[in-house]
Amino acid sequence: MMLCDRFFLGKYSLEAFNALISFGALIIMLQIGANICACAADVFVGQLYGANKTKEISAPTWQMIWFSIFTNLLFVPLAYYLPDILPNNLQEDPNAVFYCRLLVAFNSLSPLTCALSTFFVGMKNTFMPLIATIIGNSVNLIFNIVLIFGFKDFIPELGIQGAAIATVLGQVACLLVLSITFFSSYNRRTYHTHKFSLDFSLLLKILQVGGPNAIAQAAIASAWSFFFILIQSLGEANITLASIIQTIFGFFVFIIQGLSRGISTTVANLIGGEQIETVSEILNSGVKLCFFFFLVISLTLTLYPEFIIRIIFSNNEVEKITHYITLLQFTLFWGCLSFLFKSIRGLFSGLLTASGYASFVMINEVLTIWILFALPVWICIQFFNCDASLAYFIALIHNIVTVGIYYWKFFQIDWKKNLRLV
């Protein structure tokens, strides 16, 4: 939904498009940890479903519903005091501040949607979450067009504020579809979805499963949020290039998430079936897929940059932005290579998590993102006024080193011992 906002804001004005670079990263930073914790409930739902304990299946989902509601104790006050804690350069555009405040205030809608989806995903019903997502994004898209650009004399142009309202309405629509199905008479009768008890012991168990990955992803998101705040001082060309890369690779991040979840599930099944010898083959297949996606994306950006620019921006801005890309062409080059190793990093992360090394993944991700990326970028920008190209080169180095650490850990595992433990 946020990428949809950026697409229409790119058509609206370059200033509006760039204004959300830091705020978008900030919102994701606040969202992602809660989302991952909420999604962890699908493991428990799946276990209960497999054990045919139908009357208990909704309990894990309810614990994450309560957890999502509790997050309002953080998000609502944070939205209220946000202008007081933002850096001065981010407070210059009141419309962008409104966008951030509104989405932070309603941030609990995201983990709440994730929590409800676990009830369906845990029972291998991915159709309902898919339908809910399509409906939610359709609502967001329609209201983006109407509210950002206005509609005749009935609705004025709201720009960034309109994008914020459209996103909230889209999230509410998605949530309503899942809620109506969750509380249907069949699900109430069969799975007791109307029993909304709070079980602290079960809640803590779910948080223990999702916690390490949530901490790791929140640390990554916070480091990138820090980077986008830093880059505001480098001028319009650097901000625009960073905004384009964030938008493009933000769209393709589903590849990384999908491969990571896919290899995690596949390896878990292999371990359970005592077919551990095929783990390396699965990893090799995943790496080949990463290279395939990298080639498709990088060749598209290299051969048809103006086509991509015309998709995102209005015709009035195309010439200026094409000049920016020519000026900082290595930014896209390093960004593409960084995306490749980030994809491979996701593979190893999913594999090691499925093998019982979630804590190792968490420590590796937290330390490397801040020591190898955030700190060097801060030094380069703060003291040497380096441009975005160097920042994305540093991101490439960070991803290569992190993959190297995972590769070392992969060959350190005693797989026979690991198999017995499972």
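What follows is about the packing of helix α1 (residues 2-12) against helix α9 (residues 127-149). Across the interface, α1 lies against α9 with an axial gap of 10 Å and an inter-helix angle of 30 degrees. The orientation of α1 relative to α9 falls into the category roughly parallel. For the crossing formed where α1 meets α9, the hand is right-handed. Here C4, D5, F8, L9, K11 and Y12 of α1 come into contact with α9, specifically with N140, L141, N144, I145, I148 and F149.

All right, on to the packing of aromatic side chains then. In total, this model carries 34 aromatic pairs according to the counting rule given. On the basis of an interplanar angle of 90 degrees and a centroid distance of 4.9 Å, the ring pair of Y80 and Y81 is categorised as edge-to-face. You can call Y80 exposed: its relative accessible area is 56%. Relative to F154, the ring of F151 lies with its centre 6.2 Å away and its plane at 25 degrees, an arrangement referred to as stacked. Owing to a relative accessible area of 41%, F151 belongs among the partly exposed residues under this scheme.

With that settled, the discussion passes to the nonpolar core. With 68 residues, the main nonpolar core has W224, F227, F373 and Y392 as its most contacted residues. Sorting elements by how many residues they give to this core places helix α18 (residues 329-354) first, with 11 residues. Ranked by size, the runner-up nonpolar core spans 64 residues in total, among them Y99, M123, A164 and A214.

A separate point is the environment of A237. Its place among the elements puts A237 in helix α13 (residues 236-251). Given a relative accessible area of 15%, A237 falls into the buried group.

This part covers a nonpolar patch on the surface. The grouping of Y12, F98, L141, I142, F143, I145, F149, I165 and L169 at the surface amounts to a nonpolar patch, some 680 Å² of accessible area in total. Here the nonpolar patch takes five residues from α9, the largest share from any one element. The residue Y12 is located in helix α1 in this model.

Our next topic: empty space enclosed by the protein. By the definition in use, this model includes one cavity of 30 Å³ or more. Here the largest cavity defines a volume of roughly 40 Å³. Around the largest cavity, the lining residues are I244, I248, L301, P305, I308, I309, I325 and L332. In terms of residue count, the dominant contributor to the lining of the largest cavity is helix α16 (residues 305-312) (three residues). When the residues that make up the lining of the largest cavity are grouped by side-chain class, the tally is eight nonpolar, no polar and no charged.

Per-residue pLDDT for the protein averages 85, and the proportion of residues at 70 or more is 94%. Per-element confidence in the protein ranges from a low mean pLDDT of 54 for helix α21 (residues 415-421) to a high of 95 for helix α10 (residues 160-182).

With that settled, consider helix α3 (residues 21-39). Over its 19 residues, α3 runs 26 Å from end to end, which matches the ideal 27 Å to within 8%, given 1.5 Å per residue. Of all the bends in α3, the greatest measures close to 30 degrees and is centred on Q31. The element α3 is largely enclosed, with a buried count of 16 among its 19 residues.

Let's shift gears to the environment of R101. Secondary-structure assignment places R101 in helix α7 (residues 94-105). Note on R101: relative accessible area 30%, which makes it partly exposed. Remark: the alpha-carbon pair of R101 and V76, spanning 25 residues in sequence, is separated by 8.9 Å. Residues in contact with R101, not counting those within four places in the same chain, are A79, Y80, L82 and P83. Only 3.1 Å separates the side chain of R101 from the backbone oxygen of Y80, close enough to count as a polar contact.

Over the atoms rolls a probe the size of a water molecule, and its path tells where empty space is left. Each pocket or cavity is described by its volume, and for the second largest pocket that value is around 340 Å³. Surrounding the second largest pocket, 16 residues form its lining, L301, T302, Q329, L332 and F333 being those nearest its centre. Counting only elements with at least two residues in the lining of the second largest pocket, the list comes to α15 (279-303), α16, α17 (315-327) and α18. Sorting elements by how many residues they give to the lining of the second largest pocket places α18 first, with six residues. Its residues placed into classes, the lining of the second largest pocket shows 10 nonpolar, five polar and one charged.

Calculation criteria
- Residues numbered from 1 in each chain as written.
- Predicted model: local features only at pLDDT ≥ 70, side-chain atom pairs only at ≥ 80, totals over all residues.
- Heavy atoms only, no water.
- Axes fitted to C-alpha atoms, helices over the stretch in contact; angles between N-to-C directions.
- Helix = DSSP H or I, 4+ residues; strand = E, 2+ residues; numbered from the N terminus.
- Parallel < 35°, antiparallel > 145°, perpendicular 65-115°, else oblique.
- Left-handed = near helix turned anticlockwise from the far one by under 90°.
- Contact = heavy atoms within 4.5 Å.
- Phe/Tyr/Trp six-rings, centres within 6.5 Å; stacked < 30°, edge-to-face > 60°.
- Buried < 20%, exposed > 50% of the residue type's maximum accessible area, 1.4 Å probe, protein only.
- Core = buried A, V, L, I, M, F, W, Y, C linked by side-chain atoms within 4.5 Å.
- Patch = residues over 30% accessible without salt bridge, like charges linked within 9 Å, V, L, I, M, F, W, Y side chains within 5 Å.
- Areas by Shrake-Rupley, 256 points an atom, 1.4 Å probe, with all protein chains shown as cover.
- Salt bridge = Lys/Arg side-chain N within 4 Å of Asp/Glu carboxyl O.
- 1 Å grid on protein atoms, 1.4 Å probe; cavity = no way out; pocket = protein on both sides within 12 Å on 5 of 7 lines; lining within 4 Å.
- Points joined across faces, edges and corners; volume = space filled by probe spheres on them.
- Nonpolar A, V, L, I, M, F, W, Y, C, P; charged D, E, K, R; others polar.
- pLDDT = per-residue confidence, 0-100.
- Expected span 1.5 Å × (residues − 1).
- Bend = angle between axes of the 7 residues up to and from the residue.
- Polar contact = N/O pair within 3.5 Å; in protein donor to acceptor, adjacent residues only side chain to side chain.

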